[in-house]
Structure formats: structure tokens, C-alpha cells
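Analysis of the macromolecular model
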Amino acid sequence: MLQVSGLVKVYPGPVAALQGVDLEVTAGMFGLLGPNGAGKSTFMRILAGVLEPTSGGVRLDGHDTIADPQWLRERLGYLPQDFGFYAHLTGRDMLLHLMRLKGVNAPGGPGPLADELLRRVNMSFAAQRPVKSYSGGMRQRLGIAQAISGNPRLLIVDEPTAGLDPEERLRFYHLLAELAEDRVVILSTHIVEDVAVLCPRFAVIRAGRLVALTTPRAARAALEGRIVEGVVRPAELPALREQWQVTQELLVEGHHRVRVYTPGGDRPLGFEAVAPSLEDAYLVLMRTGALPGTEAAAAEPVNA
Ligand code: ADP
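Residues numbered from 1 in each chain as written. Predicted model: local features only at pLDDT ≥ 70, side-chain atom pairs only at ≥ 80, totals over all residues. Heavy atoms only, no water.

**Some words on the pattern of salt bridges**
Working definition: two side chains of opposite charge can pair if their charged atoms are close together. Per the counting criterion, the structure on display carries 13 salt bridges. E74 is the salt-bridge partner of R75, the closest N and O atoms lying 3.6 Å from each other. Look at E74 and you get exposed, because its relative accessible area is 51%. Ionic pairing is found between E116 and R119, a salt bridge with its closest N-O pair at 2.9 Å. Taken together, the residues E116 and R119, both in helix α4 (residues 110-120) and 3 residues apart, mark about one turn of the helix. Of the residues examined, E116 reaches a relative accessible area of 35% and is grouped as partly exposed. (Salt bridge = Lys/Arg side-chain N within 4 Å of Asp/Glu carboxyl O. Buried < 20%, exposed > 50% of the residue type's maximum accessible area, 1.4 Å probe, protein only. Helix = DSSP H or I, 4+ residues; strand = E, 2+ residues; numbered from the N terminus.)

**Looking at the nonpolar core**
Ranked by size, the top nonpolar core spans 58 residues in total, and within it I144 and V204 carry the most contacts. Of all the elements, helix α10 (residues 278-288) adds the most residues to this core, at 6 residues. Residue contributions to this core reach at least three from each of two domains, namely domain 1 (1-75 + 152-215 + 290-304) and domain 2 (86-145). Not counting residues within four places of it along the chain, the set of residues in contact with I144 comprises L79, V121, V157, F172, L175, L176 and L179. The next biggest cluster of nonpolar side chains, apart from the first, holds 28 residues, and it includes L18, L32, L60 and W71. (Core = buried A, V, L, I, M, F, W, Y, C linked by side-chain atoms within 4.5 Å. Domains from an automatic or database assignment. Contact = heavy atoms within 4.5 Å.)

As C-alpha cells, this is what we get:
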């Protein structure tokens, strides 16, 4: 289990990137969802032990990871946002190099372990190709091979699906889901679909604070009857935006379909209640700082 308490990070400036984050995560996939600049990478880097918090604590299976970074390193897999590769090396040589740097213990020798890891992430076919010839998805899978090379208890992946095409993303989802079966996996993302597909539990971070800690089902249920949808003419849009809390404006077959959040249940003329999506929940959180009827709703509003 991963326990985070009162985590604060203030960068010189000062920039208060994390303003007191509390969280408990058990084995499985956990999503950290938030817009750019919300503090996700700061949070992930502190969890990974590569950045010191200003204050607060992190415990993995009861062990203080900030006080004992070596203990953490032996149990951690980390796929950072900017993962550096030596483009001229083959995927296999790159992996062997990274395993050496990490000091991974391979009882059967590093070669067989590298081959096994490449097989696990479906990259055996490209093991002997230079990394510079890899697609974004192939690079990410090599990054995951590196991250799981020490069989970590905690796997941290920071915005791993950004820049992947739909097919690569799907393949990456399957790999992550498999890896989350027997360890804590923390996935940071600004893509709502990543969470909808993968995460039984997730938190939403906004301006350095958690504004929700919930499940996709509960987040959608909190909005039941409060999301309405209708088709409007483009000329009607400005007035609608002014009067109502518009969450999404979709262009469907040339028509403007607008979704509106209506906390009180009233609605624009001709609009019908629809099943809320996770995207709706996220957009309401970004707009209002809380979902109705949830614990976070009682928290102080976020003004950023
Ligand atoms: P995210 O990963 O959600 O995009 P970050 O954790 O990268 O968010 O950034 C959170 C905030 O902290 C942003 O306002 C960002 O500009 C700021 N920040 C991040 N790194 C630094 C740094 N090294 N020095 C100063 N400010 C930083």
C-alpha cells in the first residue's frame, strides 16, 4: 500500500505546485488525472524519489520512502514523461544499459532477463533494431520493460499515452492492465479516456490540490440527472454559454450538440437528460472544483 500525507511542494518563485495532498492507494491501477500544470509530474517525481517535497510524507508498505530512497529504488519502476534513449543503440542494448544503471539483480544473467522483458512488452520482434527507428508506442513499451526490470512493488508512469496513435494506445492499455494485477501502479494523465479504460479508482488534481478521489462509476453517478444535451444553432451558442454551465460542445454530423451541467435540475428549452460520462465529471470538476454530493464538495473551492 502507498500512503501519501500532507504533501507540499513549493518551487522557487514561489510556485506552490502541491498544496497538501493526502492519498492511500492499494494494489492495482490508480489514475491521477488533471490538466497541464496541475502538479501531476511534481507528485510523480516525489513518489519516485527524484524530487524532495517541501513537507509531507510518503510510505510504501509502511516504509518511509523519503527517509530511505535506496529502499524505494529497489522496489520502484518509473517511466518518466521525458524518457531519454540513446537513439543509435538497439532496443535490447538500450534495455541492458538501463538495467545495468539501475543495478537490477538478474540471477540467470542480464541477457535472458532482457529477452524475457522484451517478450513481456511485445517487443522481441524489434529487439535488434535501433531505437531511433521505433514508433512512440514502441519506445513507451521499451520504457515499461526498463521500469519493470526489477519486478517493482510500485510502478509509476507519467503521461505514458501522450502522442500515441489509437492502436498503440490500446496495446499500451492492455500492457498496463496486466502489470497492475499484483502491484501498485500510478498512472498520471490528462486524458480522461486513460482513466475510463484502466482505473478502478482515480483522483483529480487541480492547481496542486486533489478535488476528487473516487471511482469512475461514482463520479458519473454524482452527475445523474444533472447533464442535459441538446442541439443548437451556432448563433445561439454565446447566449447559452452565458446562461448555463456548458461542459461540452460537440460537432456531430455538422450539428452543434451541447452538453450542459445543471446542478439544480432546470434546463434549456428542448434539452434532455443524458447519461453522464467521465468526461462530463472531469469538466464539472475543472469548472466548479467539486462533484455534487461528494466529500470533495465540502472542501474549499479552488480558485485557479
Ligand atoms: P503537470 O505535470 O500536471 O503538468 P507540473 O507538476 O509539471 O504539472 O507543474 C506544476 C506547477 O509547478 C506548474 O505551475 C509548473 O509551472 C510548476 N513547476 C514545475 N516544475 C517547476 C520547477 N522546476 N521550477 C518552478 N516551477 C515549476
